[in-house]
Number of protein chains: 4
Amino acid sequence: MASRGVNKVILVGNLGNDPEIRYMPSGGAVANITVATSESWRDKNTGEQREKTEWHRVALFGKVAEVAGEYLRKGSQVYIEGQLQTRKWQDQNGQERYTTEVVVQGFNGTMQMLGGRQGGGQGMPMGGQQQQGNWGQPQQPAAQQNNFAPQQQAAPQQAPAQQPQQQYNEPPMDFDDDIPF
Amino acid sequence: MASRGVNKVILVGNLGNDPEIRYMPSGGAVANITVATSESWRDKNTGEQREKTEWHRVALFGKVAEVAGEYLRKGSQVYIEGQLQTRKWQDQNGQERYTTEVVVQGFNGTMQMLGGRQGGGQGMPMGGQQQQGNWGQPQQPAAQQNNFAPQQQAAPQQAPAQQPQQQYNEPPMDFDDDIPF
Amino acid sequence: MASRGVNKVILVGNLGNDPEIRYMPSGGAVANITVATSESWRDKNTGEQREKTEWHRVALFGKVAEVAGEYLRKGSQVYIEGQLQTRKWQDQNGQERYTTEVVVQGFNGTMQMLGGRQGGGQGMPMGGQQQQGNWGQPQQPAAQQNNFAPQQQAAPQQAPAQQPQQQYNEPPMDFDDDIPF
Amino acid sequence: MASRGVNKVILVGNLGNDPEIRYMPSGGAVANITVATSESWRDKNTGEQREKTEWHRVALFGKVAEVAGEYLRKGSQVYIEGQLQTRKWQDQNGQERYTTEVVVQGFNGTMQMLGGRQGGGQGMPMGGQQQQGNWGQPQQPAAQQNNFAPQQQAAPQQAPAQQPQQQYNEPPMDFDDDIPF
DNA sequence: TTTT
DNA sequence: TTTT
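Definitions and cut-offs
Each chain has its residues counted from 1, following the order in which its sequence is written. Chain A is the first chain written and ligand 1 is the first ligand written, with later ones labelled in order. Where local features are concerned, this predicted model is filtered to residues with pLDDT of at least 70; where side-chain atom pairs are given and counted, the filter is 80 or more; whole-chain, interface and lining totals use all residues. Derived side-chain values reflect all non-hydrogen atoms in the structure, with water molecules and hydrogen atoms excluded from consideration. UniProt positions are given in the numbering used here, feature names are shortened, and annotations may be inferred rather than shown by experiment. Residues below a pLDDT of 70 in either copy are left out; the C-alpha atoms of the rest, at least 70 in both, set the least-squares superposition of the copies. Two residues qualify as a contact provided that any one of their heavy atoms is within 4.5 Å of a heavy atom in the partner residue. Any Lys or Arg side-chain nitrogen found within 4 Å of a carboxyl oxygen on Asp or Glu counts as a salt bridge. In DSSP terms, a helix is any run of H or I states spanning at least four residues, a strand is any run of E spanning at least two, and both are numbered starting from the N terminus. Categorising residues by exposure relies on relative accessible area from a 1.4 Å probe, with only protein chains included: less than 20% of the type maximum marks a residue as buried, more than 50% marks it as exposed, and the intermediate range marks it as partly exposed. A pair of strands is labelled paired if DSSP reports no fewer than 2 bridges between them. Values of pLDDT, the confidence the predictor places in each residue, fall between 0 and 100. Counted as a polar contact is a pair of N or O atoms within 3.5 Å, where, for protein atoms, one must be capable of donating a hydrogen and the other of accepting one, and residues adjacent in sequence contribute only when both atoms are in side chains. What we call a nonpolar core is a set of buried Ala, Val, Leu, Ile, Met, Phe, Trp, Tyr and Cys residues that are connected through their side-chain atoms within 4.5 Å. Two parts placed together each lose some accessible area under a 1.4 Å probe, and the buried area is that loss summed for both. Residues are grouped as follows: Ala, Val, Leu, Ile, Met, Phe, Trp, Tyr, Cys and Pro are nonpolar; Asp, Glu, Lys and Arg are charged; every other residue, Gly included, is polar. Centres within 6.5 Å are what make two rings of Phe, Tyr or Trp a pair, Trp counting through its six-membered ring; a difference in plane orientation under 30 degrees is then read as stacked, over 60 as edge-to-face, and the rest as tilted.

- Per an unreviewed UniProt entry, chain A carries the name Single-stranded DNA-binding protein and comes from Photobacterium jeanii.
- Quoted verbatim from the Function (unreviewed entry) field of UniProt, the annotation for chain A is "Plays an important role in DNA replication, recombination and repair. Binds to ssDNA and to an array of partner proteins to recruit them to their sites of action during DNA metabolism."
- The Subunit (unreviewed entry) field of the UniProt record for chain A holds the comment "Homotetramer."

In structure tokens, the structure reads:
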């Protein structure tokens, strides 16, 4: 829990796809999302308007992953606070590759749904039928890979001696997907 | 310059090596540094103290790159504020690879040297002979490695005409100022 | 523009009232908003749900103030990045008082409208009639105090030698309003 | 613990005075420090260099307050991450006054000592005799000013049972670690 | 792949 | 005074 140094990422952007939820053998949820941030500026040579979108891999763990799986959808706007983490893996040729992600886990991060009336009524963001933002209806976290009930680790954040960052050595994570990174 | 979304990284850590400085055809400086942040925690199973160091690639552009090249050294402690940026490149086998960096450029970021009484004396961080932290003596930004344009110009947000970040040349703070409360 | 030290505030919250816009003699706009952030938790003694709202004074300057005046309304959700600033003033009894605000000015800060389809279509956040979030229709910045045309300082941020922080010594700012601070 | 909204302050600056430590009836420590951040710029009218220092009230709670009391001294450079909080009080004339502070408490904030090789040797920041930065010798947190409960307990988010922030007792970083890229 |  |  101690730390020398600061490692903090803050993002506000929109999801490029629905979250992908997986469960670790321990039952803890992992949600992977991609978040777009973009900036636009006027090219000072050509004078034309230009835009550049940056895509961020974000991995959420535990309770916040469950919330993401239930309420976030493609297009949802989110505030993300997490840490940068680079992990090494082997591609199909046995070559070492590195992937950098924003990790949101326990007290080292947070996720906030933005826009719409998130977190509304009966535990669903919209509180009703009419969709205001791009939020999902609360779902059974069912359409997932493997699925032992995520053993409600609702408040693990207070746990006195939590073990950070042991992620990513459990599910394979399919990094050969055709996602652009 | 407009932007929808927020893309912000904040790091406090130490350099793993001396900065590598290059110059673009335009004359603009680029500094590459690696910054370590670490956290330690007590393993709740074994009870032993564990530590994990995360290494961050950071690319600085323009004036702030020159300052980095002059004053930062292996071990220097820095505050970095920048943006996440992932760029695509081809490895020797023609395979697409991705590298994620923290980009510090113009008004989208800042770098602050920490420790010692930076901003001291004659434009060098320490103000004197005795080395307090791990800061370099001001150098000619001459010993540049090589000089091909870096494969990436990072975000073109404010291009050549930028001129921020000439910090580090102010008098030391007087801590006997009357604090207004 | 240089700085020793970091002074940064990040808020995501909702406006408690419509923005108040004023113009300085120089023509620069100033927008004052109050932003609510809240947290809720379960009281570990009584077991009941509790909530606490924190109200923040935010002062925006220049272009971002104009945008705030045009598009933000009571209830609007915003992302604010600015600096902490405490200024001294005299109350009606001649007593020294201090007020702390989050100042958003030039490159030292940013404001992003959240939720809805902000910044949409023709320069208005919603792009149409149907109100999705709590955003104002684009207005003439007319109903303001004094009103020499704000001399479009649209890109003063690039200005080579801008003069920071001289605010608050121009308009009186009416700090005896019945706002709770 | 839940929250709608983000309320975050990040400071890097120097202490204007030694910390003031107090203990609450519960035994929890409270440290009050004032942190200076400053910026300087060239006045675009007169052409002269100008500087402005901003002073921040910071209140630390719990373990981090104890660390502050032991190791921080006037002039110490710190990284602070906390929340903005405004509290109401009555002055000697019975008038309502407001004071805004940066509150560092539990998981909602952190404090890092900067400069020197903090986290070194035997649990003290410098690891030895020779003072590199402006750090105090570890003290008994005994010389407390006075001992009435501070008028404010700040947000009760995680109350007594908190236990984060026991940093600063790790071995120094080895910068010859193999950087993974 | 998002959003505007 | 907001929002949920």
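**Here's the deal with the relation of the copies chain B and chain A**
Put simply, the second copy of the chain is the first one after a rotation about an axis and a shift along it.
Argument step 1. Take chain B, turn it by 180 degrees, move it 0.1 Å along the axis, and it overlays chain A with an RMSD of 0.1 Å. Both chain copies can therefore be described as sitting about a two-fold axis. Considering only C-alpha atoms, the part of chain B nearest the rotation axis is Val9(B), at 2.2 Å.
Argument step 2. In this assembly, 82% of the residues forming the interface of chain B have copies in chain A that are likewise at the interface, indicating an isologous arrangement.

**Overview of the pattern of salt bridges**
Argument step 1. Within the structure shown, the criterion is met by 40 salt bridges over all chains.
Argument step 2. Notably, a salt bridge pairs Glu81(D) with Lys8(A), separated by 3.1 Å at the nearest N-O pair. Taken together, the residues Glu81(D) in strand 6 (residues 77-90) and Lys8(A) in strand 2 (residues 6-15) connect one chain to another. For the pair shown, Glu81(D) and Lys8(A) are each scored as buried.
Argument step 3. With a closest N to O distance of 2.7 Å, Glu51(A) and Arg4(B) form a salt bridge. With Glu51(A) in strand 5 (residues 49-61) and Arg4(B) in strand 1 (residues 2-4), this residue pair bridges two chains.

**A short note on the pairing of strand 2 of chain A**
Remark: a regular strand shows side chains that alternate across the two faces of the sheet.
Argument step 1. Of all 10 residues in strand 2 of chain A, 9 are buried, a share of seventy percent or more.
Argument step 2. In terms of strand pairing, strand 2 of chain A meets strand 2 (residues 6-15) of chain B through 7 bridges, oriented antiparallel. Along strand 2 of chain B, the bridge assignment pairs Lys8(A) with Ile10(B).
Argument step 3. Where strand 2 of chain A lies against strand 6 (residues 77-90) of chain A, 6 bridges are found, and the strand directions are antiparallel. Pairing of Gly13(A) across the sheet is with Val78(A), part of strand 6 of chain A.

**Here we look at the confidence of the model for chain A**
All names here are of chain A.
Argument step 1. Residues of chain A with pLDDT of at least 70 account for 65%, and the chain-wide mean is 74.
Argument step 2. Scored below 50 in pLDDT, residues 117-132 makes 29 contacts in the model with residues more than four places away or belonging to other chains.
Argument step 3. Confidence drops under a pLDDT of 50 for residues 139-181, and excluding neighbours within four residues, the segment shows 84 contacts in the predicted structure.

**Quick look at the pairing of strand 2 (residues 6-15) of chain D**
Residue and element names in this part refer to chain D.
Argument step 1. Counting buried residues along strand 2, 10 of its 10 residues qualify, which places the element largely inside the surrounding structure.
Argument step 2. When strand 2 meets strand 4 (residues 29-42), the two strands line up antiparallel, connected through 2 bridges. Across the sheet, Asn14 pairs through a bridge with Ala36, a residue of strand 4.

**Some details on the side chain of Asp43(C)**
Residues and elements named next belong to chain C.
Argument step 1. With respect to the secondary-structure elements, Asp43 resides in the loop between strand 4 (29-42) and strand 5 (49-61).
Argument step 2. For Asp43, a relative accessible area of 14% puts it in the buried group.
Argument step 3. Polar contacts involving the side chain of Asp43 include one to the main-chain amide nitrogen of Asn45, which spans 2.7 Å.

**Let's talk about the nonpolar core**
Most often, soluble globular proteins have nonpolar side chains that are buried together.
Argument step 1. With 49 residues, the main nonpolar core has Leu60(A), Ile80(A), Leu60(B), Ile80(B) and Met111(B) as its most contacted residues.
Argument step 2. With 5 residues, helix 1 (residues 63-71) of chain B is the largest single contributor of residues to this core.
Argument step 3. When near neighbours in sequence (up to four residues on either side) are disregarded, Leu60(A) contacts Ala29(A), Val30(A), Ala31(A), Ile33(A), Ala65(A), Ala68(A), Ile80(A), Val104(A) and Met111(A).
Argument step 4. Core analysis: the second largest hydrophobic core is formed by 48 residues, Leu11(C), Ala29(C), Leu15(D) and Val102(D) among them.

**Topic: the interface of chain B and chain A**
Argument step 1. The partner chain A presents 43 residues to the 44 residues of chain B that form the contact.
Argument step 2. Across the chain B/chain A interface, buried area totals approximately 3600 Å², and carbon plus sulfur atoms make up 44% of it.
Argument step 3. At the junction of chain B with chain A, the criterion picks out 2 salt bridges.
Argument step 4. Summed over the shared surface of chain B and chain A, the number is 14 residue pairs in polar contact (both at pLDDT 80 or more).
Argument step 5. Within the residue set of the side of chain B that touches chain A, elements represented by two or more residues are strand 1, strand 2, strand 4 (29-42), strand 5 (49-61), strand 6 (77-90) and strand 7 (96-105) of chain B.
Argument step 6. Looking at the side of chain B that touches chain A, the element that brings in the most residues is strand 2 of chain B, giving 7 residues.
Argument step 7. For the side of chain B that touches chain A, the per-class residue count stands at 16 nonpolar, 17 polar and 11 charged.
Argument step 8. Bridge count for strand 1 (residues 2-4) of chain A against strand 4 of chain B is 3 bridges, and the pairing is antiparallel. Paired with Ala2(A) across the two strands is Ser40(B), which belongs to strand 4 of chain B.

**Quick word on helix 1 (residues 63-71) of chain D**
Along an α-helix, a turn takes 3.6 residues, which lines up residues three or four apart on a common side.
Residue and element names in this part refer to chain D.
Argument step 1. Taken across its 9 residues, helix 1 has 7 buried, putting it largely inside the fold.
Argument step 2. Listed in full, the buried residues belonging to helix 1 are Val64, Ala65, Val67, Ala68, Gly69, Glu70 and Tyr71.
Argument step 3. Those residues of helix 1 hidden inside the fold are in contact with strand 3 (20-23), strand 4, strand 5 (49-61), strand 7 (96-104) and strand 8 (110-113).

**Let's talk about the packing of aromatic side chains**
Argument step 1. A complete count under the given rule lists 2 aromatic pairs over all chains for this structure.
Argument step 2. Aromatic pair Phe107(B) and Phe107(C): ring centres 3.4 Å apart, planes at 10 degrees, arrangement stacked. Remark: Phe107(C) occurs in the loop between strand 7 (96-104) and strand 8 (110-113) and Phe107(B) occurs in the loop between strand 7 and strand 8 (110-113); the pair is interchain, linking two chains.

**Thoughts on the environment of Val67(A)**
Residues and elements named next belong to chain A.
Argument step 1. Position of Val67 among the secondary structure elements: in helix 1 (residues 63-71).
Argument step 2. Considering only alpha carbons, one finds Val67 and Val6, 61 residues apart in sequence, at a separation of 26 Å.
Argument step 3. Look past the residues within four positions of Val67 in its chain and what remains in contact with it is Leu72 and Met111.

**Remarks on the environment of Asn108(B)**
Residue and element names in this part refer to chain B.
Argument step 1. Position of Asn108 among the secondary structure elements: in the loop between strand 7 and strand 8.
Argument step 2. Classification of Asn108 by relative accessible area gives partly exposed; the value is 26%.
Argument step 3. Spatially, the C-alpha atoms of Asn108 and Gly82 are 6.2 Å apart, while their sequence positions differ by 26 residues.

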